[in-house]
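Chains, contacts and geometry: an overview
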Amino acid sequence: MGRKRSTGWHGGRALILLALVVIAASCGSSLSREEILSVGGGSAGGAGLGADGTGAVGSDVGGDFAAGASGGAGGEGAITDVGGVGGDVPAGDAAGGAGPGAPGAPSAPGAGGAATGPAPAARPNVPLKASDKGITKDTITLGVVSGLTGAAGTQFVESAHTIDAFFKDLNQRGGLQGRRVVVKIIDDGIDAGRNASAHRSLEPQVFAFVGSLSIADSGSASVLRDTGVPDIGFALSTPRAQLPNHAFVTFQAGMKGQTTMTAEEAKRAGVTRMGFVYLNVDAAITEANAVKKAFESVGIPICYEAAIQLVEPDYTSYVQALQRNNCDGFYLVAQTNAGGKFQNTVYRQGYKPKMALHNIVTYERAFIEASGGPEALENAYLWFGQAPITQENLQKIPELNRFVTTLKRYYPNADPRKYAAAINWGNAKFFVEAFNKAGPNPTRQSFLAAARTIKNYDPGGLVAPTPDPFAKEVPPGTCGNMLKFQGSDWVQVRPAGGGYDCSSRVVK
Amino acid sequence: MTGVVIVGIVAGSAYALAGMGLVVTYRASGIFNFAQGAMGMFMAFVYWQVTIDWGWPMVAGLVASLLIVAPLLGIVSEWVFRPLRHAAVSVQIVVSLGVLVFLQNLGLTLFGDAPIGLPSIFPDGRAIRLASVNVGWDQVGTVVLALALAGLLTWVLYRTPLGISMRAVVDSEETAELAGISSVNVSRLAWIIGVMFAGAGGILLAPLVGLDVNLLTLLVIIAYAAAMLGKLESLPLTYLGGVLLAIGEGTIGYWAPPGGIWIGLRGSLAFLLLVVLLVVYRRQLPRERKVIDRTAAAFEREPWPVSARTAGLAVVGAAAVVTAWIATDQFLYDLTALVVVATILLSLVVLTGLSGQISLGQASFVGIGAFTASHVAGTDGSIWLAMLAAAAIAAPVGVLVGLSSLRLSGLFLALATMAFALLMDNLVFRIHEITGGVDGREIGRPELPGIDLSSTRAFYFFALAVFALFAFLVVSLRRSRVGRRLQALRDAPDALRTLGVNLAATRLGVFALSASMASVAGVVFGSYRTRVNPLDFSLLKSIEYLVASVIGGVASVAGALIGGLVVAIPQLAAATPETATRFQLAVGLVVVVLARFPQGLLSFGAVVVEHAKEVLAPSSVDDMVGEPVADPGGTGTFSTTPEPAPTTKVLVAEREPVS
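Residues numbered from 1 in each chain as written. Chains lettered and ligands numbered in written order. Predicted model: local features only at pLDDT ≥ 70, side-chain atom pairs only at ≥ 80, totals over all residues. Heavy atoms only, no water.

1. With respect to the overall build of chain B
Secondary structure assignment for chain B yields 28 helices and 6 strands. When the 659 residues of chain B are sorted by exposure, 63% land in the buried category. Across chain B, the fraction of contacts at a sequence separation of at least 24, relative to all contacts at a separation of at least 6, is 76%. Per element, the accessible surface of chain B, about 22900 Å² overall, is 69% carbon and sulfur. (Helix = DSSP H or I, 4+ residues; strand = E, 2+ residues; numbered from the N terminus. Buried < 20%, exposed > 50% of the residue type's maximum accessible area, 1.4 Å probe, protein only. Contact = heavy atoms within 4.5 Å. Areas by Shrake-Rupley, 256 points an atom, 1.4 Å probe, with all protein chains shown as cover.)

What follows is the structure, encoded as C-alpha cells:
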C-alpha cells in the first residue's frame, strides 16, 4: 500500500530471537515452578489422622514419633504426633516434663518434646462448622504474605515453602482436626503497599496469617490491627511486632536488648576488644547496636565499627582497620555471600581473631563456599537459635528430621538451612498447637485466647524455646545456642552437646 | 596509605570492569545501557549452568556464555535498540531498563535456584604480599584482565578500522553509510562486543558480589562515576576512575570514625563523585544532546484525534465513578493505588512530556511529600496543611536538582537526577528521625468538615479529585502561554532565548513545579498507605515511575493513567511469585515493543487503528500524504509523510492540546 516500514519483525530476526530463547531455556536448570507456592494444601486428607502411618516420609524417624510413651518434654499443650509422621492432634495438658522452655535453665540436649504420648487419632466428636472467617466444616484457610521477589531476591522463598510443605504434609495425614488446611500465598515484592493490599484481600478469606516474612511488613500493621486477625510469624518491623494479635517463635524484631550469650562466649574465647561490621540497613544496625551493649556489659570494649554497603567488591580495608585497631574479635552482620567474602578476606590478610562471630543468616552452605573453605573459618562462630542440621541431630531430634524431610519432599531444591525456614516450621507448629487448644470450632478470638496460654513454647527442639510468643518487651534470643566451625561444618559449642542455653542475662 | 592504594587498585579493577563495559557499549552503539549489569549476570548464570550445574570444564562455560549466548544476545540487542539511536533519551533509558527487567526475570525463571556464590575463574588463596596487603590470585587476575581489556578495547576502538567504523556510525550514520560502511552490520558487531564484555565482567564480578542480578546492577551503577571520569569515551580514564573511587571508599573505611555521617558518606561517594564530574565535564561530554533534544519533540504529538480522546476520557471518567458503587472494597482500594500513582506520574508529564527534561529521582520528591505529611499532619488528618508544606519544601529542592538542567540534558541530566535519588536514599531517607527507618511513619486519612474520608470509597473519590485537579492543571498549563514556552524550551531553546526568555528561570521553574506536584501527590500517597517507609521512595521506584510513564505515554493525562495501571497491576492481581515474575517479563517485553512506539501504548493503539482503517478502506497513496507513519526510517519517531524520513530530521505532526 505504499507504506514502508523500515523496521519490523522479520523472519530472520525472529529466528535469532527464538534461537536465543531456546538456547537459554535449554541452559536453564530444571527448576520446577510447580514448587512455587501452589495455592492450597495439597492433596486432600486421608481417611483419618495418621492414616499414612509410620515411615511415610522415607527416612523420617517414624519410630521416634511412634514411641512417645514417655511423654517427653515440651511446653504446655504440646502437639502430639501419632504414629510415624502422624497427625497433629491436641494433647491438651497431657505432655509431661517442664520442657526446655523455662528461661534460666539450660535444656537437655534434644529434649525437644517432640516425642509425646499417644493421643487419639480421630476427628473430634463435635460437629465441625464454620465458626469464623476462613474456617468451614471442611477447611481452614491460612494466609502468607511474604517478599518472595524484588529487592531481597529469593532470600525468603524457603520460609514460604516451609509453611506450604508443613500444611501439605498435615493434610496428607488427615488435616487439622479433620479439616483440610488451605494455604494462600501472596508475594508482596518487598512493597509495603502490596503487602497492605495483600493482607486486606486475604483477611476476609483466612482464619489467620502464618509465617509471613517481608522487609515491607510494616504495611500490614494497620490491617492486622483493625481486623484483629491472628498473625503468627517473624515480624521484621516494630509496628507489626507490637500488635497484640501477633505471636512469634524464637526470633522477633522490634524488641529492645539482647542476651549476653555471645559476649560471654567471646570472653571465654579470650576476646578483649571487639569490632563490629554490619550491613548498612536498619535491621542490621539495630541488631549490631544491641549486641554492642551486651559486649560492653561484660567488659569487652568496642574497638572498631563500620557499616558496609550492599555491594562491596572488596573488604580488605575493613579487615585492615580491624587489625589496626587491635581487635581480637569481630561481629559481622551481613548477607550470606558478603559474610563469606569477608571471612575470606580475613583469612587472606592473615588476620587471626579469637572470635569471628556471624549471625543466623550465614548458616547456608553458600557462606562456607564463599569463604573459601574450612581453612578460612578458623575461630568462626555462629550465633544461632535453632538445631544445627547434622546427621546426629537428624537422628536425635525428630522434629528437625521431619522439617528437613518434609521440606525436601515437597520442594526438592529447597535449602533447609535458609533463613527463617526452620523458624517458620516452628511458627506453623505453634499455630497447630494453639488451634488444637482452642477446640474444634474456634473463633479468631478464642484461638488467640488459647494461644496466649502457651508459654515456654518449644517446637520439638527444632528452634530455641520461646518464653512468651506474645511478648512485646522480652528481647529475642533469651534462649539460644552457639556454633563453631570445626572440620567441615558448624558444630554446637554452647551448650555443648546440643539443646539451648537460657541462662544468659538480658541487656537493654 | 600504601595498603589503601593497593586495595584501591584491586577493588577499583572491579568497578573499572563494570564501567568499561558501559563505555564500550556506549561508544560502539550510542546507547547508555542500563541493562549492562543484567546482561553480565545473565551470562554469569549461563556460565554457572554449564560449569557448576552440568559440571563441564571452565572452557566450555566460557565458550557457551561468551561465544554463543553473548553474540546472540548482542544481535537481539542491536535489533531492539536500532530504532532508538535518535529517539528521545527517556525512551532509550526506559527501553534499556525494560531489557534489564526482562533479563532479570528471565534469569530468575531459568536459574532461580542457582546459589548466590560463583567460584572465580582464577585460583583462590593468597598470592603475593604488597606493602601490608596480601593479594590473591583472583584479585591479581581481575586487575590484569581489566588492564588488558582496557588496552585491547582502546586499541580496537581507536586504532582498528572496525573501531573507527563503530565510532563513525555512532557519530553520523549517514556519513558512515556514504563512506560505504554498513551501519547495521557495524552496529550489530558493536553490540556483540559490548555484550561479550558485559559477560566477561559478569563472570569476573559475580564471584565478588554474588550471583545476583540486583547486586551486579548496583555495582554497575556505582561504576557510572568511573565511566564518567573517562567522559564515557576513555577506557584508561575509566579504569583510573574505578581505582580512585575505590581508594576514596577505602580511605573512609579505614580512617573514618564509626557511625554518623561517615556511614552514609562512604556509600554515597560514588554518586557525589558522579555529580561533581557531570558538573565539571558539562562542556566536554559526548555530543548527543542536539539529536536528543530535537527528537524529544516526538512526545508532543498526540496520536489520537481530539474527539477520540475526549470520548475515551469521558468513558474512563464514567467508569471510574460507576466502579465506586459496584466494585468490592478490596478492588476499590487497589484501584485507588492506580489513581494515586497516575497523579504522581502527572508530575512527569509536566517535566518530561511537556518540557523535555528527564528525572530519575521523582520518587524522592514523592517521599519528601509523604514524610513531610507524617511530621506535619501525623495521624490527625490535617493533610491540607501538609500539602502546602510538602509543596513548599519540595520546590526549592526541585530548584536545586534543576540546577543540573542548566548545564546538562538528556542522558547526563538523567544521571544527575539518578545521583540525587541515590543520595536521598543513602543520606536523607536513612535518618531515622525523618523516616522512621524500616518501621516507617504513620499518616492519617484527610479530614473535611462534615465528610468522612476514612472509608475506602470516600478516599477513592478524594484521590480521583486530586488526580482530576492535577490533570486540569496539566492541560491548562499546556494550553497556556507558559506551556507553550515549556514546549519551546524542549524543542527550540535557542529560539526561545532570542525572544528574550530567561531559559534558566524557565528550567528551574518547571523543576520546582514538577517537584511540588510530586510532593503533594506524595502526601496523598502517604495518606492512602497510612504508613510509609524509605523503601517506598527508592531509586527503584523512580525508575518504575519513569518506565510506567513512558509505557503509557509521557505526554498525556491518559498516558499517566495507563502508567498507573502498569504500576498497580501486581497489586490488583495479588501476585504469587510466579505471576509476579511473569508480569515483569511481560513489562520487559512491552518496553522492548515500545522501542517501535516511543510515544507509548497510546500510540501503539493509534497505529493499530490506522492499520485497521487501511484494511477496511484502502485508499490511494495520495490520500495518505500527511497521515502519520509509525517509525519511518527506524528513527523511533513519527512522520507526517509516507516516505522514510531522514534519520536526523524529526517531523512533528500538528500539535493538539492534551486531553
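2. Considerations on helix H3 (residues 58–81) of chain B
Residue and element names in this part refer to chain B. The end-to-end C-alpha distance of H3 is 32 Å, a good match for the 34 Å that 24 residues give at a rise of 1.5 Å each. Of all the bends in H3, the largest measures some 35 degrees and sits at Ala 70, one to four residues before the proline Pro 71. For H3, the tally of buried residues reaches 17 of 24 residues, placing the bulk of the element in the interior. (Expected span 1.5 Å × (residues − 1). Bend = angle between axes of the 7 residues up to and from the residue.)

3. Some points on the sheet that holds strand S15 (residues 489–494) of chain A
Residues and elements named next belong to chain A. Here 7 strands make up an open sheet; going across it, the order is S10-S9-S11-S12-S13-S14-S15 and the pairing mixed. A strand with exactly one partner marks an edge of an open sheet, and here the two such strands are strand S10 (302–308) and S15. Strand after strand, the sheet turns through a mean of 25 degrees between neighbouring axes, direction not considered. Where strand S13 (residues 380–383) meets strand S14 (residues 482–486), 3 bridges bridge the pair, whose relative direction is antiparallel. The residue of S14 that forms the bridge with Tyr 381 is Lys 484. Running at roughly 170 degrees to strand S9 (residues 274–279), helix H8 (residues 282–297) makes contact with S9, S10, strand S11 (329–333), strand S12 (355–358) and S13 of the sheet. Packed on one face of the sheet, helix H10 (residues 336–348) meets S9, S11, S12 and S13 and runs near 155 degrees to S11. (Pairing = 2+ DSSP bridges. Axes fitted to C-alpha atoms, helices over the stretch in contact; angles between N-to-C directions.)

4. Describing the sheet that holds strand S6 (residues 231–232) of chain A
Residues and elements named next belong to chain A. As summarised here, the arrangement of the 5 strands in space is S4-S3-S5-S6-S7, forming an open sheet in which the pairing is parallel. Bordering the open sheet on either side are strand S4 (180–187) and strand S7 (246–247), each of which pairs with just one other strand. One ladder, built from 8 bridges, connects strand S3 (residues 139–146) with S4; its direction is parallel. Directly across from Ile 140, in S4, lies its bridge partner Val 181. Set on the sheet, helix H3 (residues 157–172) makes contact with S3, S4 and strand S5 (208–210); between it and S4 the angle comes to about 165 degrees. Packed onto the sheet, helix H4 (residues 192–202) meets S3, S4 and S5 and runs at close to 175 degrees relative to S3.

5. A few points about the confidence of the model for chain B
Residue and element names in this part refer to chain B. Here chain B averages 80 in pLDDT, while 84% of its residues score no lower than 70. Within chain B, the element-level pLDDT minimum falls on strand S6 (residues 638–639), averaging 34, and the maximum on helix H16 (residues 362–376), averaging 96. Counting interchain partners and residues more than four positions distant, the pLDDT-below-50 stretch residues 289–301 has 45 contacts. The model gives residues 620–659 a pLDDT under 50, and that stretch makes 112 contacts with residues more than four places away or in other chains. (pLDDT = per-residue confidence, 0-100.)

6. A look at the nonpolar core
As a rule of thumb, nonpolar side chains are buried together in soluble globular proteins. The biggest cluster of nonpolar side chains holds 256 residues, and the ones touching the most others in it are A:Phe342, B:Phe34, B:Tyr224, B:Leu346, B:Phe412, B:Leu415 and B:Met418. Here the element with the most residues in this core is helix H15 (residues 329–354) of chain B; it accounts for 17 residues. In contact with B:Met418, other than residues within four places in its own chain, are B:Phe34, B:Ile221, B:Tyr224, B:Leu274, B:Leu360 and B:Leu539. A:Val249, A:Ile397, A:Leu407 and A:Phe447 belong to the second largest nonpolar core, which has 72 residues in total. (Core = buried A, V, L, I, M, F, W, Y, C linked by side-chain atoms within 4.5 Å.)

7. A short note on the state of the cysteines
All names here are of chain A. Applying the stated criterion to the full structure yields 2 disulfides over all chains. Covalently, Cys 303 is tied to Cys 327 through a disulfide, its sulfur atoms 1.9 Å apart. A torsion of 130 degrees about the S-S bond marks the disulfide between Cys 303 and Cys 327 as right-handed. In this pair, Cys 303 sits in strand S10 while Cys 327 sits in the loop between helix H9 (316–324) and S11, placing the two residues 24 residues apart along the sequence. The same class applies to Cys 303 and to Cys 327, which are both buried. Sulfur-sulfur distance for the disulfide between Cys 479 and Cys 502 comes to 2.0 Å. Across the S-S bond linking Cys 479 and Cys 502, the dihedral sits near 115 degrees, which makes this disulfide right-handed. Of this pair, Cys 479 sits in the loop between helix H15 (444–452) and S14 while Cys 502 sits in the loop between S15 and strand S16 (506–507), and the two are 23 residues apart along the sequence. The exposure classification of Cys 479 matches that of Cys 502, with both residues buried. The cystine pairing of chain A, numbering bonded cysteines in sequence order, is 1-2, 3-4. (Disulfide = S-S within 2.5 Å.)

8. Here we look at the environment of A:Thr162
All names here are of chain A. Along the chain, Thr 162 turns up in helix H3. When the C-alpha atoms of Thr 162 and Arg 179 are compared, they prove to be 20 Å apart, with 17 residues separating the residues in sequence. Sequence-distant contacts of Thr 162, that is, excluding residues within four places in its chain, are made with Phe 403, Leu 407, Ala 421, Asn 424 and Trp 425.

9. Some details on the environment of B:Val399
All names here are of chain B. Relative to the elements of secondary structure, Val 399 occurs in helix H17 (residues 383–407). Assessed through its relative accessible area of 29%, Val 399 is described here as partly exposed. C-alpha of Val 399 to C-alpha of Asp 439: the two residues are 40 residues apart in sequence and 30 Å apart in space. The residues contacting Val 399, other than those within four sequence positions of it, are Leu 508 and Ala 512.

10. Things to note about the packing of aromatic side chains
Residue and element names in this part refer to chain A. Evaluation of the coordinates by the stated rule reveals 38 aromatic pairs over all chains. Aromatic side chains Phe 207 and Phe 447 sit 5.6 Å apart centroid to centroid with 80 degrees between the ring planes, which places their arrangement in the edge-to-face category. Linking Phe 207 in the loop between H4 and S5 with Phe 447 in helix H15, this pair joins segments that are 240 residues apart in sequence. For the pair Phe 207 and Phe 447, a shared accessibility class is recorded, and that class is buried. (Phe/Tyr/Trp six-rings, centres within 6.5 Å; stacked < 30°, edge-to-face > 60°.)

11. Some words on the packing of helix H14 (residues 306–326) of chain B against helix H20 (residues 456–479) of chain B
All names here are of chain B. Closest axis-to-axis distance for the H14/H20 pair is 10 Å, and the angle between their directions is 170 degrees. Taken together, the axes of H14 and H20 are roughly antiparallel relative to one another. Contact with H14, carried on its side by Ala 320, Val 321, Thr 323, Ala 324 and Trp 325, involves Arg 457, Tyr 460, Phe 461 and Leu 464 of H20 and no other residues of that element. Within the contact of H14 with H20, the residues separate by chemical class into 7 nonpolar, 1 polar and 1 charged. (Parallel < 35°, antiparallel > 145°, perpendicular 65-115°, else oblique. Nonpolar A, V, L, I, M, F, W, Y, C, P; charged D, E, K, R; others polar.)

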